[in-house]
Amino acid sequence: MIRKISRIDRADVDYSNVEKSFIEKSGVKEISTTIPYVVVDNFPKLGLITSLRFLEWVSENPQGVISLPTGKTPEFFIKWTDYMLNNWDNKKGIEMREKFGLTIQKKPDLRGLQFVQIDEFYPISSKQHNSFYDYVNNFYIRDFGLNKSKALLINSDEIPLANNLHFSDVFTDGKIDLSLRYRESRSTLEEIQQKSIFLIDDWCSDYEQQIRDKGGIGFFLGGIGPDGHIAFNVRGSDEFSTTRLTATNFETQAVAASDLGGIEISKNKLVITIGLETITYNQDAVAIIIAAGEAKAGMVKASLENEISNLYPASVLAKLSNGRFYLTQGAASQLTDMVNRYFQMGEWTHEKSEKAVVDLCKKIEKFGHRLLIDDLKNDPICRLIPDLDENTVPKVMESIEAKIHRGLQDEDNQVFLHTGPHHDDISLGILPFITKHISNPTNKFKFAVLTSGFTAVTNRFVIDLLNDTKRLLDKGLIQMVKYPDFFEVGFKLKSDKDVYHYLNNVASGNDDECRRGVCHRIVRAMVETYKVKDIDHLRDILNEVIVILKKSYDGEKNPPQIQQLKGMIREFEEELVWAHFGVQVKNVEHLRLGFYKGEIFTEQPKLNRDVEPVLALLRKVRPTVLSLTFDPEGSGPDTHYKVLQATAEALRLWKQEEDLSQLRVWGYRNVWYRFNPAEANIIYPVSLNAMAEMKDSFANCYVSQVEASFPSYELNGKFSSLAQKIWVEQLKDVQLLLGKNYFYLNDDPRIRASHGLLHVKEMTVDEFLSYARELKESMEGMVVGS
């Protein structure tokens, strides 16, 4: 369904004082969307404006009905709200209120608010820490000081089912067949399940009615999913939908996988969610959608620039005069308003010319060498290019071609330090670019993964691995445990032999021996982690860990020792990848920065715990080239931002000791972010051979990731397949500008062989620190001046 909605004029919108303050600071004063939006610099400021607007609304509606989100999205909303309430009357709090337009004087009292839970997985025990019920009770009811007796909550354990049974006795395998709503039951169990589904439907209808009896939701805050969902109203949801039990789609299941312990779990979960009509029932409601990062930009554009449509669930906010989108620069980057603003404001640069011409080729589906001067003059963006003439496109083509040739340049006598937040980040980001340089014996290489990455390893994977280890021990096939000094010092030795044994058997196609190689490494990890004394103790620990994992629910936070064990599995995988290219274990560093603990909201990096290990690594390696994941907006996986900040702080400190003017920083993006060809200054051609190398090494080495338990919402498969897909898409963009014949007729065989492109942004240390500092000042310490 599509309904016509008028475009809004900024002057006709009744903005609050807080919103007016942020609009003034953003400079974005003219908009042409169906829903008003406010743009902020980054993710922390997104939390700030949302928090201040919430407190502003609460001061006017102390008994109001509120509905707030769960997950990582509201991290800084929660932190800023806590900060403001705790500093309301001191100097910091007063300065913050004055600076950002929060004109109320009296500290808001949240105890009178009536909370409505937005959604919940079903079935899931409310006792699980990854249930939204638990989240709401901890972060909102407890931490905000709300009155639980006034709240409407979704407690799956208390929703009535047939014969007063618990959901674990009705839906014994955790799966619910919604076709029972429409067909006859075929067994006694199905009859009970059918009656239970109807009882859940009745419960949902009652939940909806209770919300309406309160007058509807007065303040709604939510994120937007990759398919455009708000709450769990996925793409295709009716704009008049109400609270219901429903299924989700793959994109939503992929995002939920990290909460629930893997896509294997999330794909079988249904959800209970309030509907789109529930959100818009109160015509005076303040309803805010927050979105951060370029990954959300396409869906934000679709939601704000189209009429109300079931394809874009968030478009229903156009019904509300107080409907808003709060966006970071990245999330707003594809809006027509923001595109125009980017090109019209500030100094015109060659990067703008590149972006304008590349985008025009895509827009009108025309190769660069076929663009006419009239094509440029008729385009609202390209016509802005200074001194526009017949040489404009050739100049852009030349500069893009120069970036390709820069990527092909040899690097000699360099010391490379390649870093990544998680295992596989480096490989998925720039493996082909690394392999170009690694074969040069004059270069030195060090690889460093800064977190232990244990959250990417499922319990089921570890259980299977430990059972295989027990079986091999029983057969006497892990012979190293029989060496007299193995449990004292021997377990620390011959790590390179483990790696070599594994890869030898990859080459020979012996899967059983590959598995035995992994089990050898897991034994070393068990001895180190649990201080194992002998073989009998090893068996006891193996059994103990298996029991703990079997008793754990999927997505439950593991004990620290099991976290370390999972992390060491990932560390072995990383060593295997770089051993493909002759890199020894000693040149693959595992920093295990302490902020990474598996919490919903990870801690901010600390100097002693997180920065000093990176600084020590820099001092030891003394790189001439440093690579890192580059997400200056801080809006993706929070590990990426925190690693970026720890690295930036280490560089600041090292810069006080050393002249770093010659150190080059290579910023790369992988499956989470992408550079526009205009943003990158190095473009590297990727051959089919290089793609095969990346996919094979991923499949053979990242054994815990082969099942893709935590996939991207963009692709139901391995991350290596998505990385290849991105490289191919990036080639198509540049191919449209330069022409296909530029590639297949090129004099350089490396360009002729390219079927993908990867992008890198090379920076000086000062350039990189300027990007990182802007975000640091917004996030760290939450001080005035952010």
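Every value quoted in this text rests on a predicted model; they were computed, and no experiment measured them. (Residues numbered from 1 in each chain as written. Predicted model: local features only at pLDDT ≥ 70, side-chain atom pairs only at ≥ 80, totals over all residues. Heavy atoms only, no water.)

Chemist: Outline the overall build of the protein chain, supporting the account with residue identities and numerical values.
Modeler: Regarding its fold elements, the protein chain presents 28 helices and 18 strands. For a compact globule of 786 residues, the expected C-alpha radius of gyration is about 28 Å, and the protein chain comes in at 28 Å, within 12% of that figure. In terms of overall dimensions, the protein chain has a C-alpha envelope of 75 × 70 × 60 Å along the principal axes. Within the protein chain, the fraction of its 786 residues that count as buried is 60%. Summing over all exposed atoms, the protein chain offers an accessible surface of approximately 32,200 Å²; the carbon and sulfur share of this is 48%. Side chains of the protein chain carry 96 positive and 110 negative charges; the gap between the two charge centres is 2 Å. (Helix = DSSP H or I, 4+ residues; strand = E, 2+ residues; numbered from the N terminus. Rg over C-alpha atoms; globule rule 2.2 N^0.38 Å. Buried < 20%, exposed > 50% of the residue type's maximum accessible area, 1.4 Å probe, protein only. Areas by Shrake-Rupley, 256 points an atom, 1.4 Å probe, with all protein chains shown as cover. Lys, Arg positive; Asp, Glu negative; His and termini not counted. Charge placed at Lys NZ, Arg CZ, Asp CG, Glu CD.)

Chemist: Could you give an account of the sheet that holds strand 2 (residues 37-40), with specific residues and numbers?
Modeler: Spatial strand order, 2-11-9-6-3-4: six strands in an open sheet with parallel pairing. With one partner strand each, in any of the chains shown, strand 2 and strand 4 (114-115) form the two edges of the open sheet. Here strand 3 (residues 65-67) pairs with strand 6 (residues 219-223) via two bridges, running parallel. Residue pairing for strand 6: serine 67 is matched across the bridge by phenylalanine 220. Contacting strand 2, strand 3, strand 6, strand 9 (286-291) and strand 11 (323-328), helix 2 (residues 43-60) crosses the sheet at an angle of about 155° to strand 11. (Pairing = 2+ DSSP bridges. Contact = heavy atoms within 4.5 Å. Axes fitted to C-alpha atoms, helices over the stretch in contact; angles between N-to-C directions.)

Chemist: Which residues make up the nonpolar core, and what values do they have?
Modeler: One finds Phe54 and Phe325 to be the most contacted residues of the largest nonpolar core, which totals 109 residues. The element best represented in this core is helix 2, accounting for nine residues. Beyond its immediate sequence surroundings of up to four residues, phenylalanine 325 is in contact with Ile35, Pro36, Tyr37, Val38, Ile224, Ile289, Val300, Ser303, Leu304, Ala314 and Leu317. Judged by nonpolar contacts, the second largest core, of 105 residues, contains Leu538, Leu565, Met568 and Ala690. (Core = buried A, V, L, I, M, F, W, Y, C linked by side-chain atoms within 4.5 Å.)

Chemist: A description of the packing of aromatic side chains should follow, citing residues and the corresponding values.
Modeler: Per the stated rule, a full pass over the model turns up 37 aromatic pairs. Here tryptophan 578 and phenylalanine 581 contribute two aromatic rings whose centre-to-centre distance is 6.2 Å and whose plane-to-plane angle is 40°, an arrangement assigned as tilted. Residue classification places tryptophan 578 among the buried positions, given a relative accessible area of 0%. Considering the side-chain rings of phenylalanine 630 and phenylalanine 768, the 6.4 Å spacing of their centres and the 50° angle between planes classify their relative orientation as tilted. Of the two residues, phenylalanine 630 is situated in the loop between strand 15 (625-629) and helix 23 (638-655) and phenylalanine 768 in helix 28 (residues 765-779); the sequence distance between them amounts to 138 residues. On the basis of relative accessibility, which here comes to 3%, the residue phenylalanine 630 falls in the buried class. For phenylalanine 768, a relative accessible area of 0% corresponds to the buried category. (Phe/Tyr/Trp six-rings, centres within 6.5 Å; stacked < 30°, edge-to-face > 60°.)

Chemist: Talk me through the sheet that holds strand 5 (residues 119-122); I want residue IDs and the actual numbers.
Modeler: One open sheet accounts for three strands, arranged 5-8-7; its pairing is antiparallel. Whereas interior strands pair on both sides, the edge strands pair on one side only; in this sheet they are strand 5 and strand 7 (244-246). Direction aside, neighbouring strands of the sheet carry axes that sit 25° apart on average. Sheet topology note: the strand 5/strand 8 (residues 270-273) ladder contains four bridges and is antiparallel. Counted as the bridge partner of tyrosine 122 is leucine 270 from strand 8.

Chemist: So what about the pattern of salt bridges? Which residues, and what values?
Modeler: Across all of its chains, the model carries 54 salt bridges by this definition. For arginine 609, the salt bridge is made with aspartate 610, and the minimal N-O distance between the two is 2.8 Å. Judged by its relative accessible area of 24%, arginine 609 falls in the partly exposed class. Because the salt bridges share partners, they merge into one network encompassing Lys597, Glu603, Lys606, Arg609 and Asp610. (Salt bridge = Lys/Arg side-chain N within 4 Å of Asp/Glu carboxyl O.)

Chemist: With reference to specific residues and values, describe a negative patch on the surface.
Modeler: A cluster of acidic side chains, namely Asp534, Asp536, Asp540 and Glu544, defines a negative patch on the protein surface. By the element assignment, glutamate 544 lies in helix 20 (residues 535-551). (Patch = residues over 30% accessible without salt bridge, like charges linked within 9 Å, V, L, I, M, F, W, Y side chains within 5 Å.)

Chemist: Tell me about the pairing of strand 16 (residues 664-668), and name the residues and values.
Modeler: Within strand 16, five of the five residues are buried, which leaves it mostly tucked inside the rest of the structure. Along strand 16, one buried face is formed by Arg664, Trp666 and Tyr668 and the opposite face, lined by Val665 and Gly667, is buried too. Sheet topology note: the strand 15/strand 16 ladder contains five bridges and is parallel. Its bridge partner being in strand 16, leucine 628 is matched across the sheet by glycine 667. Where strand 16 meets strand 18 (residues 754-764), five bridges bridge the pair, whose relative direction is antiparallel. In the strand pairing of strand 18, tryptophan 666 is matched with glutamate 762.

Chemist: Which residues make up the pairing of strand 17 (residues 682-687), and what values do they have?
Modeler: Here strand 17 lies mainly inside the structure; six of its six residues are buried. In strand 17, alternate side chains face the same way, and those of Ile682, Tyr684 and Val686 on one face and Ile683, Pro685 and Ser687 on the other are all buried. Bridge analysis of strand 17 against strand 18 gives six bridges, and the strand direction is antiparallel. Bridge pairing in strand 18 links proline 685 to leucine 757.

Chemist: A description of helix 16 (residues 425-438) should follow, citing residues and the corresponding values.
Modeler: In helix 16, a bend of some 75° at leucine 431 exceeds every other bend along the element, and proline 432, a proline, comes one to four places later. Of all 14 residues making up helix 16, 14 are buried, and the element is well covered by its neighbours. (Bend = angle between axes of the 7 residues up to and from the residue.)

Chemist: Tell me about the side chain of aspartate 337, and please be specific about residues and values.
Modeler: Inspection of the secondary structure assignment puts aspartate 337 in helix 12 (residues 336-344). Apart from the residues lying within four places of it in its own chain, the contact partners of aspartate 337 are Glu30, Ile31, Ser32, Thr33, Tyr37 and Glu305.

Chemist: Quick rundown of the packing of helix 22 (residues 607-621) against helix 23? Include the residues and the values.
Modeler: Here helix 22 crosses helix 23 at 60°, and the two axes come no closer than 8 Å. Here helix 22 is positioned oblique relative to helix 23, judged by the angle of their axes. Here helix 22 runs over helix 23; the crossing is right-handed. Contacts from Leu607, Asp610, Val611, Val614, Leu615, Leu618 and Arg619 of helix 22 reach helix 23 at Ala646, Thr647, Glu649, Ala650, Leu651, Leu653 and Trp654. Class assignment of the residues belonging to the contact of helix 22 with helix 23 gives a composition of 10 nonpolar, one polar and three charged. (Parallel < 35°, antiparallel > 145°, perpendicular 65-115°, else oblique. Left-handed = near helix turned anticlockwise from the far one by under 90°. Nonpolar A, V, L, I, M, F, W, Y, C, P; charged D, E, K, R; others polar.)

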